[in-house]
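Below, each chain spelled out in residue letters.
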Amino acid sequence: MAETARHPEPRYGTRPTMKDVAARAGVGLKTVSRVVNSEPGVTPDTERRVQEAIDALGFRRNDSARVLRKGRTASIGLVLEDLADPFYGPLSRAVEEVARAHGALLINGSSAEDPEREQELVLALCARRVDGLIVIPAGDDHRYLEPEIRAGVATVFVDRPAGRIDADMVLSDSFGGAREGVAHLVAHGHRRIGFIGDRPRIHTATERLRGYHAAMADAGITVEEDWVSLGPTEPERVRTATETMLAGPEPVTALFAGNNRVTVTVVRVLAESERRTALVGFDDIELADLLGITVVSQDAAAVGRTAAEHLFRRLDGAGHAPARVELPTRLVARGSGELPPA
């Protein structure tokens, strides 16, 4: 019976070093270093032997050690609320494109809207020596970041301001967008307009509620208490709020949904209802164009790109005071927000 050639078991977690390459090629460490870093002073034959050893061993240059000697790791961290949220896909992709253009690696993480998890993740990224951070904050106290910022970690907050520290931020105009969306419903004859939003501790939720109240006040409409519902965006809670507003002898005739997750549940409830109800949602959702959902759209990619460009300007030495950049939203009329009162 022929013997099967035996291959050495892989040594997981043990990477080949320059010393291993030097031993296999029969040269000194300095020679390997010159080949790896494309430095002169190596004969073609020796360079070939070293390259063959590199290929055989699967050696990769330790960029971490090299960049650390220069004081930078060529990496940035991005802390999101929820990696599964459709809003954060284009935002993250835009940040990654800017980072790549600057020769940097992007490391993503999710806080799951938990302030403790946010702090743990941010500090873990700082411990790994990222050059900068882009943070969608879950908490309202970011003083834990002050030592890192003083140590040179450039930081930009996105979607919501930082809490209790002065820092750069890039936001969408949540107040103005909500005000425009609700005014759109008023312009189509609605006066009983409900608002269903996220938890009141979240900056975007309170700003959008403020925009709702402003539009109603502009129209001379007194908001009734049971027209407003804030809380977690889980479908059960949003469904209950929607059904409550649509029940009774004087139901709302229109709804403003405070974010994309709320909109999805409201659309499902309205599809099951015989009552025709107008709807405007904040944030676009998948298939909204086919379903005819009117939305206040924010450009997630522009938010991410603006934040990343600002971060790299900081890393390049921009020393101005913390800046607040607010990007406009856009009302996209598709039908659901143009329905007249039933």
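Further up the page is the structure itself.
None of the values given here were measured: they were computed from a predicted structure.

To find leftover empty space, a probe the size of one water molecule is rolled over the atoms. In total, this model carries 2 cavities of 30 Å³ or more according to the counting rule given. Considering the residues around the largest cavity, the lining is formed by 18 residues, among which Thr204, Arg208, Asn259, Arg261 and Asp283 are closest to the centre. Of all the elements in the fold, those that place two or more residues in the lining of the largest cavity are helix 9 (203-218) and helix 11 (260-272). For the lining of the largest cavity, a count of residues per class yields 4 nonpolar, 6 polar and 8 charged. Reported here for the second largest cavity is a volume of approximately 50 Å³. Along the walls of the second largest cavity sit Asp159, Leu171, Ser172, Asp173, Ser174, Phe175, His203, Thr204, Glu207, Arg324 and Glu326, which together make up its complete lining. Elements with a minimum of two residues in the lining of the second largest cavity: strand 5 (168-172), helix 8 (174-187), helix 9 and strand 11 (324-327). Among the elements that take part in the lining of the second largest cavity, helix 9 stands out by supplying 3 residues, more than any other. Along the lines of polarity and charge, the residues of the lining of the second largest cavity split into 2 nonpolar, 4 polar and 5 charged.

What follows covers the nonpolar core. Core analysis: the largest hydrophobic core is formed by 36 residues, its most contacted members being Ile196, Tyr212, Leu255, Phe256, Val266 and Leu279. Counting residues per element, this core draws most heavily on helix 11, at 5 residues. Excluding its chain neighbours within four sequence positions, the residues that come into contact with phenylalanine 256 are Ala178, Gly181, Val182, Gly194, Phe195, Ile196, Val280, Phe282 and Val296.

The rules behind these values
- Residues numbered from 1 in each chain as written.
- Predicted model: local features only at pLDDT ≥ 70, side-chain atom pairs only at ≥ 80, totals over all residues.
- Heavy atoms only, no water.
- 1 Å grid on protein atoms, 1.4 Å probe; cavity = no way out; pocket = protein on both sides within 12 Å on 5 of 7 lines; lining within 4 Å.
- Points joined across faces, edges and corners; volume = space filled by probe spheres on them.
- Helix = DSSP H or I, 4+ residues; strand = E, 2+ residues; numbered from the N terminus.
- Nonpolar A, V, L, I, M, F, W, Y, C, P; charged D, E, K, R; others polar.
- Core = buried A, V, L, I, M, F, W, Y, C linked by side-chain atoms within 4.5 Å.
- Buried < 20%, exposed > 50% of the residue type's maximum accessible area, 1.4 Å probe, protein only.
- Contact = heavy atoms within 4.5 Å.

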